[in-house]
Amino acid sequence: MNIDMSNLPEHIGIIMDGNRRWAKANGFSKIKGHREGANTLKRLVEDANKLGIKYLTVYAFSTENWKREESEVKEIMNLLREFLTECERNYAKEDYVVNFIGDSKGLAQDIQDKMCSVIEKTKNKKGLHLYIAINYGGRDEIIRAVRRLFESGENNIEITEQKLSEYLDASGVPDPEFIIRTSGEMRISNFLTWQSVYSEFYFSDKYWPDFSIDDFKLAISDFQHRNRRFGGI
Ligand code: FPP
């Protein structure tokens, strides 16, 4: 699959959907599906970094995902612990910055501590910036941004798009030009609500654990043929 390396999206968002359906289709437990999903994420981060993508934001756990069975939530949180521990252990040899969006205060203290440690250890890396959305909801992010803006103590605040953007979780990061969702579902599900107003969307039928680098390149190639007009002519 050929892609134009001079016309890559700077920021790609991914809704990693279909772990449980992949598990069911292959006769595995739900957690095996999520584990394979985490492996796919690790592979894709490396591939995206090699391609030269600057920002990758992935949807790992939404503010709505707490409604799942307690045992599944626990298993996803344990996978996250493992993922963060690996990031801590491997940070010296990896070349990417790891950061997070979402309401981290709603997570267990040990997870919050690991997140801070990973942010600190990777902050000066030069490669891809990976943002993992955990306990994230687009509406929740906007509400938290508005609260922070009003609590900032700034006087005579003029409310503008620029001003509110400064209080979002990943302030300063460009909006994603391109958002990919796997598993055939065609909705945004509270992902990057503010930032996605002019994103191009791509829906892959593959379940997330099966999503390969070739699928990723196919998606990017599709993006490269889009005509982006931003509401203009
Ligand atoms: C969507 O598939 C996946 C999730 C809600 C969890 C995402 C978790 C991972 C990719 C692995 C853990 C991530 C990290 C960073 C360790 P689904 O469960 O909604 O599957 P379904 O749509 O088939 O039911």
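Quick note: structure is the one above.
What you are looking at is a predicted structure, and each value in this text was computed from that prediction instead of being measured. (Residues numbered from 1 in each chain as written. Predicted model: local features only at pLDDT ≥ 70, side-chain atom pairs only at ≥ 80, totals over all residues. Heavy atoms only, no water.)

Colleague: Would you take a moment to explain the overall build of the protein for this structure?
Modeller: Looking only at helices and strands, the protein features seven helices and six strands. Of the regular secondary structure in the protein, the N- to C-terminal order runs β-α-α-β-α-β-α-β-α-α-β-β-α. The C-alpha atoms of the protein give 18 Å as radius of gyration, which agrees with the globular expectation for 233 residues (17 Å, within 12%). The principal-axis extents of the C-alpha atoms in the protein amount to approximately 60 × 50 × 35 Å. Counting the 233 residues in the protein, one finds 45% classified as buried. Intrachain contacts of the protein at a sequence separation of at least 6 include 77% that bridge at least 24 residues. Accessible surface, the protein: about 12400 Å² in total, of which carbon and sulfur atoms supply 48%. (Helix = DSSP H or I, 4+ residues; strand = E, 2+ residues; numbered from the N terminus. Rg over C-alpha atoms; globule rule 2.2 N^0.38 Å. Buried < 20%, exposed > 50% of the residue type's maximum accessible area, 1.4 Å probe, protein only. Contact = heavy atoms within 4.5 Å. Areas by Shrake-Rupley, 256 points an atom, 1.4 Å probe, with all protein chains shown as cover.)

Colleague: Explain helix α4 (residues 109–122) here, please?
Modeller: Think of an α-helix as turning once every 3.6 residues; residues three or four places apart then point the same way. Taking 1.5 Å per residue as the helical rise, α4 with its 14 residues ought to reach 20 Å, and the 20 Å between its terminal C-alpha atoms agrees with that figure. Of the residues making up α4, those classed as buried are Ile111, Gln112, Met115, Ser117, Val118 and Thr122. Where α4 is buried, its residues contact α3 (70–90) and β3 (97–101). (Expected span 1.5 Å × (residues − 1).)

Colleague: Is there a simple way to explain the packing of aromatic side chains in this structure?
Modeller: Two descriptors summarise a pair of aromatic rings, namely the distance from one centre to the other and the angle between the planes of the rings. Evaluated as defined, the whole model comprises ten aromatic pairs. Residues phenylalanine 61 and tryptophan 66 carry aromatic rings whose centres are separated by 4.8 Å and whose planes lie at 75 degrees to one another, so their mutual orientation is edge-to-face. Measuring from centroid to centroid gives 6.3 Å for phenylalanine 201 and phenylalanine 203, while their planes differ by 10 degrees, and the two rings are stacked. Accessibility expressed as a relative area gives 29% for phenylalanine 201, which makes it partly exposed. Feature note: the residues Tyr59, Tyr136 and Phe191 constitute an aromatic cluster, connected by ring pairs. Over the aromatic face of phenylalanine 28 sits the side chain of lysine 32, whose NZ or CZ is 5.2 Å from the ring centroid. (Phe/Tyr/Trp six-rings, centres within 6.5 Å; stacked < 30°, edge-to-face > 60°. Lys NZ or Arg CZ within 6 Å of the ring centre and 35° of its normal.)

Colleague: Which parts of the structure should I look at to understand the packing of α3 against α4?
Modeller: Each packed pair of helices is defined by two parameters, the angle between the axes and the distance between the axes. With their axes 9 Å apart at the nearest point, α3 and α4 run at an angle of 30 degrees to one another. Our classification of the angle between α3 and α4 gives roughly parallel. Crossing angle aside, the handedness with which α3 passes α4 is left-handed. Taking contact as the criterion, the partners of Met77, Leu80, Arg81, Leu84, Thr85, Cys87 and Glu88 in α3 are, on α4, Asp110, Ile111, Lys114, Met115, Ser117, Val118 and Lys121. Within the contact of α3 with α4, the residues separate by chemical class into seven nonpolar, two polar and five charged. (Axes fitted to C-alpha atoms, helices over the stretch in contact; angles between N-to-C directions. Parallel < 35°, antiparallel > 145°, perpendicular 65-115°, else oblique. Left-handed = near helix turned anticlockwise from the far one by under 90°. Nonpolar A, V, L, I, M, F, W, Y, C, P; charged D, E, K, R; others polar.)

Colleague: Where do I start with the site of the ligand in this structure?
Modeller: Around the ligand lies a shell of 16 residues, among which Asp17, Arg20, Arg21, His34 and Arg68 are the nearest. Separating an oxygen atom of the ligand from a backbone N or O atom of arginine 21 is a distance of 2.7 Å. A total of 610 Å² of accessible area belongs to the ligand in isolation, and the protein chains cover 93% of it. Taking a 2 Å distance to the grid points as the criterion, the majority of the atoms of the ligand fall inside the largest pocket. Of all elements in the fold, only α1 (19–25), α2 (30–51) and α3 reach the threshold of two or more residues within the shell around the ligand. (Near = heavy atom within 4 Å. Polar contact = N/O pair within 3.5 Å; in protein donor to acceptor, adjacent residues only side chain to side chain. 1 Å grid on protein atoms, 1.4 Å probe; cavity = no way out; pocket = protein on both sides within 12 Å on 5 of 7 lines; lining within 4 Å. Sits in = over half its atoms within 2 Å of the grid points.)

Colleague: Sorry if this is basic, but what is going on with the pattern of salt bridges here?
Modeller: Close approach of charged atoms allows side chains with opposite charge to pair. Scanning the entire structure with this criterion turns up 22 salt bridges. Across the salt bridge formed by arginine 21 and glutamate 185, the nearest N and O atoms sit 3.2 Å from each other. Note that arginine 21 is positioned in helix α1 and glutamate 185 in the loop between β5 (178–181) and β6 (200–203), a separation of 164 residues in sequence. By relative accessible area, which is 29% here, arginine 21 ends up partly exposed. Note that lysine 32 is salt-bridged to glutamate 36, the shortest N-O span being 3.6 Å. Of this pair, lysine 32 and glutamate 36 both sit in helix α2, separated by four residues, roughly a single helical turn. (Salt bridge = Lys/Arg side-chain N within 4 Å of Asp/Glu carboxyl O.)

Colleague: Sorry, what's going on with the side chain of asparagine 19 here?
Modeller: With respect to the helices, strands and loops of the structure, asparagine 19 is situated in helix α1. The class of asparagine 19 is buried, set by a relative accessible area of 12%. Engagement of the side chain of asparagine 19 in a polar contact is seen with the side chain of histidine 34, the distance being 3.0 Å. The residues contacting asparagine 19, other than those within four sequence positions of it, are Gly33, His34, Gly37, Trp208 and Pro209.

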